[in-house]
Number of protein chains: 2
Amino acid sequence: MTDYAITIKTDEEKHVLNEITKMLSNHDVNITYTHLLVNSNDTATVNLEVEDVEDIDKLIDDIKTVPEVISVETHGSSYDIYGKRIVIMGGGAQVSQVALGAITEADRHNIRGERIGVDTIPLVGEAAIAEAVDGIARLPRIHALVLAGSLMGGEITEVVKKLKKENDILIISLNMPGSITEVVDLVVTDPTQAGVMAVMAIADTAIFDMDRLKGNNKF
Amino acid sequence: MTDYAITIKTDEEKHVLNEITKMLSNHDVNITYTHLLVNSNDTATVNLEVEDVEDIDKLIDDIKTVPEVISVETHGSSYDIYGKRIVIMGGGAQVSQVALGAITEADRHNIRGERIGVDTIPLVGEAAIAEAVDGIARLPRIHALVLAGSLMGGEITEVVKKLKKENDILIISLNMPGSITEVVDLVVTDPTQAGVMAVMAIADTAIFDMDRLKGNNKF
């Protein structure tokens, strides 16, 4: 394994991330994620995920030379622990039904060694959903998006088009009125099946190839 | 608003985060999140979230002076777009039922202006669940954890104790055999109610004060 999650506790919140990234930069590793938490007692916790690490022991020793650093721990990466994510957005009624299908199917794959999580957010209104869809590309580990509503189009459709152009995220929508069904990869009428298919499409343990559906992507 | 999400496209993936954090460090802002994506055409996308920004226009102008930077965009922070997160972990059967309650209740609060998302991961085995619970503190925006299984204890109980000591995350479990029910904040028998209560406890729009349950936390 060359990917690691590193948790660093430090004495002071500002500038420390700068010191640490400089150190990592010298090791020629990629930083794929950082998350800085400022604690109530004026210490800070820096969570990093790094790729392409040649010598983790040397890297940790070097981080410990930063004067503000109190402790350094390593963990499995968040990909190892939490795996791939599916996100379901839309109205509460539909989101919960798609989630039911997706969680039950994810369970079946995770039992066989996959790690697939199902994330949801019930949202109201074209602008809020469009903003949330647009932000998907900036979140880590997301492999599929299911749009679960009763009417979607306009700004949401434009954002989906942009997302499709710039990213590899699979996009499924329920069958509904609105232009959204014209721009997604797959349209599914039954919410349980939409959730199940989203998981099957991204699971390594499933035999379901989206490319074989070309020309027939409405169910 | 002094919190921003900034998306920076750059020419080259390594060392750029170092250059950018140095720049931010000079502006005396807190970096709360970064996510680095390496694109197929040898460009990279750096997503940052920053706090305590005094002059965002000056900050963006300064980032643009880094030679590798191609473009800089600002967005609402992920807290503004996706809000608070509840995580549900455990067996698929229970996780999906807790999710049903939580998503439906989150919908009711989000309609009134909250942003609450419900994230789930069905997992098998004491070690996998313990590792996932332990990692919660390293993920952003998590306010509550629901443990939804039929038997939990041992290593999971130890990790929950540690999490409680070091963090403010609310922890709810279903009523089940195992020592887990002795260390969580709240034990709920009905999975739908467990999901609903998790949302109510973290929602600003709900009148539900966990502190008023002291001495009677099993339902």
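Predicted model only: the values in this text are computed from it and were never measured. (Residues numbered from 1 in each chain as written. Chains lettered and ligands numbered in written order. Predicted model: local features only at pLDDT ≥ 70, side-chain atom pairs only at ≥ 80, totals over all residues. Heavy atoms only, no water.)

### Side note on the relation of the copies chain A and chain B
Overlay of chain A on chain B (RMSD 0.0 Å): rotation 180°, translation along the axis 0.0 Å. Such values leave the two copies arranged in the relation of a two-fold axis. Taking the C-alpha atom as reference, chain A places D119 of chain A closest to the rotation axis, 2.0 Å from it. Both copies present the same face, since 100% of the interface residues in chain A are matched by interface residues at the equivalent positions in chain B. (Least-squares fit on C-alpha atoms with pLDDT ≥ 70 in both. Contact = heavy atoms within 4.5 Å.)

### Quick look at the interface of chain A and chain B
Taken residue by residue, the interface counts 61 residues in chain A and 61 residues in chain B. Buried area between chain A and chain B, both sides added, is near 5200 Å², and the carbon and sulfur share of it is 54%. Joining chain A to chain B, the criterion identifies zero salt bridges. At the junction of chain A and chain B, the tally comes to 13 residue pairs in polar contact (both at pLDDT 80 or more). (Buried area = accessible area lost by both parts, 1.4 Å probe. Salt bridge = Lys/Arg side-chain N within 4 Å of Asp/Glu carboxyl O. Polar contact = N/O pair within 3.5 Å; in protein donor to acceptor, adjacent residues only side chain to side chain.)

### A short note on the nonpolar core
I88, M89, L145 and L147 of chain A together with I88, M89 and L145 of chain B are the most contacted members of the largest nonpolar core, which has 112 residues in total. Sequence-distant contacts of M89 of chain B, that is, excluding residues within four places in its chain, are made with Y82 of chain A together with V95, I121, A132, V133, I136, L145, V146, L147, A148 and M152 of chain B. (Core = buried A, V, L, I, M, F, W, Y, C linked by side-chain atoms within 4.5 Å. Buried < 20%, exposed > 50% of the residue type's maximum accessible area, 1.4 Å probe, protein only.)

### A closer look at unusual backbone geometry
The phi torsion at R141 of chain A lies on the positive side, around 70°, for a residue other than glycine. Given the relative accessible area of 10%, R141 of chain A is considered buried.

### A closer look at a negative patch on the surface
A contiguous patch of negative charge, built from E126, E131 and E155 of chain A together with D3, D28, D52, E54, D55, D57, D61 and D80 of chain B, is present on the exposed surface. Among the secondary structure elements, those contributing two or more residues to the negative patch are α5 (126–135) of chain A together with α2 (56–64) of chain B. Here D61 of chain B shows up in helix α2. (Patch = residues over 30% accessible without salt bridge, like charges linked within 9 Å, V, L, I, M, F, W, Y side chains within 5 Å. Areas by Shrake-Rupley, 256 points an atom, 1.4 Å probe, with all protein chains shown as cover. Lys, Arg positive; Asp, Glu negative; His and termini not counted. Charge placed at Lys NZ, Arg CZ, Asp CG, Glu CD. Helix = DSSP H or I, 4+ residues; strand = E, 2+ residues; numbered from the N terminus.)

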